[in-house]
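# Architecture and fold: a report
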Amino acid sequence: MSNYQVEDVLKALSHVDDPDLHKDIVSLGMVRDIKVEQNQLFFSVYLTTPACPMKDMIENACRNAIAHFIGEEIACEINMTADVSVNKKTNAIISNVKNIIAVGSGKGGVGKSTVSAGIAAVLAKSGAKVGLLDADIYGPSVPILFGVQNSEIEVVNKNGGELMLPVTVAGVKLFSIGFLSKPNEAVVWRGPMVSQAIKQFITGVDWGDLDYLIVDLPPGTGDVQITITQTLPLTGAVIVSTPQNVAIADARKACAMFKMPSVNVPILGMVENMSYFIPEDAPDKKYFIFGKGGTKKLAEDYQTIVLGHLPINTRIMNDSDNGKIYDEQNLEFFTEIAGSLVRQIAILNNQQNSSSNG
Ligand code: ADP
């Protein structure tokens, strides 16, 4: 077809489906900026997230559709970009934040902060605008993971009020309750105080525009955790567990907390940490030291998925302890988990938008 028009391009690309949203990319509004010249075609595809694991697959499908329906001779330049989907519940309350994701666990020490930080760093590296709020009032460890435990918080005047500036490391805007309290200072938190403090972290911090704000919750399922989840307009939650039966039993309580009618937060998925061990000197061996299958079963019971598994690995531990969680090689462990998470967010936002549109 030598004399093709914009409509022909749209028609050809309507044969390409988004594999998660099960709709074609044209009706989803993902194809934009089309410029047509005789044998030259340019267009942009706006994915629902820059961390989309299916970016290459969708680009190839677009090229095939143009070659098949318009002509092999067309030189096709595609700008694969992203416009992160907005969660209505989150966005209605905090207009410059598109999604807030809480990361919780039934128990302490299962790697909840490590996973929160790893996900945030992967998403920032992919080009998303990311914040990480450390709301673990019992043991804030985000400053340690990013090596900024001695940061002084700056305050700026903005729009007639004072705002605290987050600390940016590896593209992630960080704020931690640890920046405000001194180490070893015991703070006893009660309901109204927690709610007040959390509101202060959202509205009193100059987050700017964010695609994803990851919130590292305190471990457990008590009043404090319930108050935090009720105070934040959450897109959804991620639950971290290790495979042992005792950890799974507590993770089950965390799932139940998010599903309480007064909380009612979608569970986007589970992360199984310390799933297995691969010895450095025997890379073909894989040991399931703490057991197998518990997280999968729990995910099924709560109609959610396992976003991914992390091995027990000295690099993860060392990079966390040394404030280098964002190290490129370390992030490889977290890439699949972050990719699965953002897919679940895009699916959820699309479902909510479709159902509210009729
Ligand atoms: P939580 O936030 O659940 O209390 P942390 O993320 O602080 O747990 O992790 C607890 C400790 O376990 C940290 O020292 C961390 O470096 C280590 N750790 C977490 N995940 C792993 C892993 N997959 N392999 C090795 N060490 C890990």
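Quick note: structure is the one above.
Quick summary incoming for the structure in this document. None of these values were measured; they are calculated from a predicted model.

## Thoughts on the pattern of salt bridges
A full pass over the atoms with the stated rule returns 14 salt bridges. In this structure, Arg315 engages Asp327 in a salt bridge whose closest nitrogen and oxygen atoms are separated by 3.0 Å. Highlighted residues: Arg315 in helix 10 (residues 314-321) and Asp327 in the loop between helix 10 and helix 11 (328-331), separated in sequence by 12 residues. With a relative accessible area of 25%, Asp327 lands in the partly exposed category.

## Looking at the site of the ligand
Lining the immediate surroundings of the ligand are 16 residues, of which Gly109, Lys112, Ser113, Thr114 and Pro311 lie closest. Thr114 has a polar side-chain atom sitting 2.5 Å from an oxygen atom of the ligand. In the environment of the ligand, a nitrogen atom lies 2.8 Å from a nitrogen or oxygen atom belonging to the side chain of Asn273. Considering the ligand on its own, with 560 Å² of exposed area, one finds that the protein chains cover 80% of that surface. Counting only elements with at least two residues in the shell around the ligand, the list comes to helix 4 (112-125) and helix 10. Here the shell around the ligand takes 4 residues from helix 10, the largest share from any one element. Tallied by class, the residues present in the shell around the ligand amount to 6 nonpolar, 8 polar and 2 charged.

The rules behind these values
- Residues numbered from 1 in each chain as written.
- Predicted model: local features only at pLDDT ≥ 70, side-chain atom pairs only at ≥ 80, totals over all residues.
- Heavy atoms only, no water.
- Salt bridge = Lys/Arg side-chain N within 4 Å of Asp/Glu carboxyl O.
- Helix = DSSP H or I, 4+ residues; strand = E, 2+ residues; numbered from the N terminus.
- Buried < 20%, exposed > 50% of the residue type's maximum accessible area, 1.4 Å probe, protein only.
- Near = heavy atom within 4 Å.
- Polar contact = N/O pair within 3.5 Å; in protein donor to acceptor, adjacent residues only side chain to side chain.
- Areas by Shrake-Rupley, 256 points an atom, 1.4 Å probe, with all protein chains shown as cover.
- Nonpolar A, V, L, I, M, F, W, Y, C, P; charged D, E, K, R; others polar.

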